[in-house]
Amino acid sequence: MQIKRVKIEGVTVHDSTEIEFPDRGIVLFSGKNGSGKTTIAEAVPMAIWGRTIKDRGQPIWSASKGGKIELEANGRTYTRSQTGRVKLSFSGGKDYETTTHAQREANSHFGEFATWKRSAVLSSQESAGFCGATDAEKKRILEA
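Cut-offs used in this document
Residues numbered from 1 in each chain as written. Predicted model: local features only at pLDDT ≥ 70, side-chain atom pairs only at ≥ 80, totals over all residues. Heavy atoms only, no water. Helix = DSSP H or I, 4+ residues; strand = E, 2+ residues; numbered from the N terminus. Contact = heavy atoms within 4.5 Å. Areas by Shrake-Rupley, 256 points an atom, 1.4 Å probe, with all protein chains shown as cover. Buried < 20%, exposed > 50% of the residue type's maximum accessible area, 1.4 Å probe, protein only. Pairing = 2+ DSSP bridges. Phe/Tyr/Trp six-rings, centres within 6.5 Å; stacked < 30°, edge-to-face > 60°.

Caption draft 1: A look at the overall build of the protein chain. Counting its secondary structure elements, the protein chain contains 5 helices and 5 strands. Element order for the protein chain, N to C, with α for helix and β for strand: β-β-α-β-β-β-α-α-α-α. Sequence separation of at least 24 residues holds for 45% of the intrachain contacts in the protein chain that already meet a minimum separation of 6. Accessible area of the protein chain: about 9,300 Å², with a carbon and sulfur share of 49%.

Structure below.
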């Protein structure tokens, strides 16, 4: 998945945050507890699958105006918004009657949430183990 941009509005501490990602490299976020770092990471699965990495359910939408997460990836913009009920839409896709129908289309582009999570998310213990691993161990970890 090639992520180009994430825009978060009315979710946790983010009134309006937009981040453009480089074509290559590693992106690190730092900040105080409660500053919204996790929300940025959670924006990817939330925009596509409506789920969080830790399966905490829906993000904390702003009570007054709802919220919106836009994710530009693989040449399309995916938008998960909440103004009453949660809705999924994306550029280049037709208008779907229900979020369930739109979710099927998104799954056809990215696969199921569980598969993405197993292949794209490392816990802090897994990350530490990976950094200290030999090349052979890194290969085994990635293959698993």
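Caption draft 2: Seen up close, the pairing of strand β3 (residues 67-73). Within β3, 5 of the 7 residues are buried, which leaves it mostly tucked inside the rest of the structure. Looking at chain direction, strand β1 (residues 3-11) and β3 are connected through 6 bridges and run antiparallel. Directly across from Ile8, in β3, lies its bridge partner Ile69. Sheet topology note: the β3/strand β4 (residues 76-83) ladder contains 7 bridges and is antiparallel. Bridge pairing links Ile69 to Arg80 in β4. Taking the residues that link successive antiparallel strands as the turn, the β3-β4 hairpin has 2 residues, and the phi of Asn74 there is positive, at about 55°.

Caption draft 3: View of the environment of Ala43. If you trace the backbone, Ala43 turns up in helix α1 (residues 37-49). When its relative accessible area of 1% is taken as the criterion, Ala43 is described as buried. Sequence spacing of Ala43 and Val6 is 37 residues, and the spatial spacing of their C-alpha atoms is 7.3 Å. With near-sequence residues (within four places) excluded, Ala43 lies in contact with Val6, Ile8 and Ile69.

Caption draft 4: Structural context of the packing of aromatic side chains. Taken as a whole and judged by the stated rule, the model has 5 aromatic pairs. Centroid distance Trp49 to Trp116: 5.2 Å. Interplanar angle 35°. Geometry classified as tilted. Here Trp49 is found in helix α1, whereas its partner Trp116 is found in helix α3 (residues 113-120), with 67 residues between them in sequence. You'll find Trp49 and Trp116 in the same group, each marked buried. Arranged with centres 6.2 Å apart and planes meeting at 35°, the rings of Phe113 and Trp116 form a pair that is tilted. Here Phe113 pairs with Trp116, and both are found in helix α3, just 3 residues apart, close to one helical turn. Of the residues examined, Phe113 reaches a relative accessible area of 4% and is grouped as buried.

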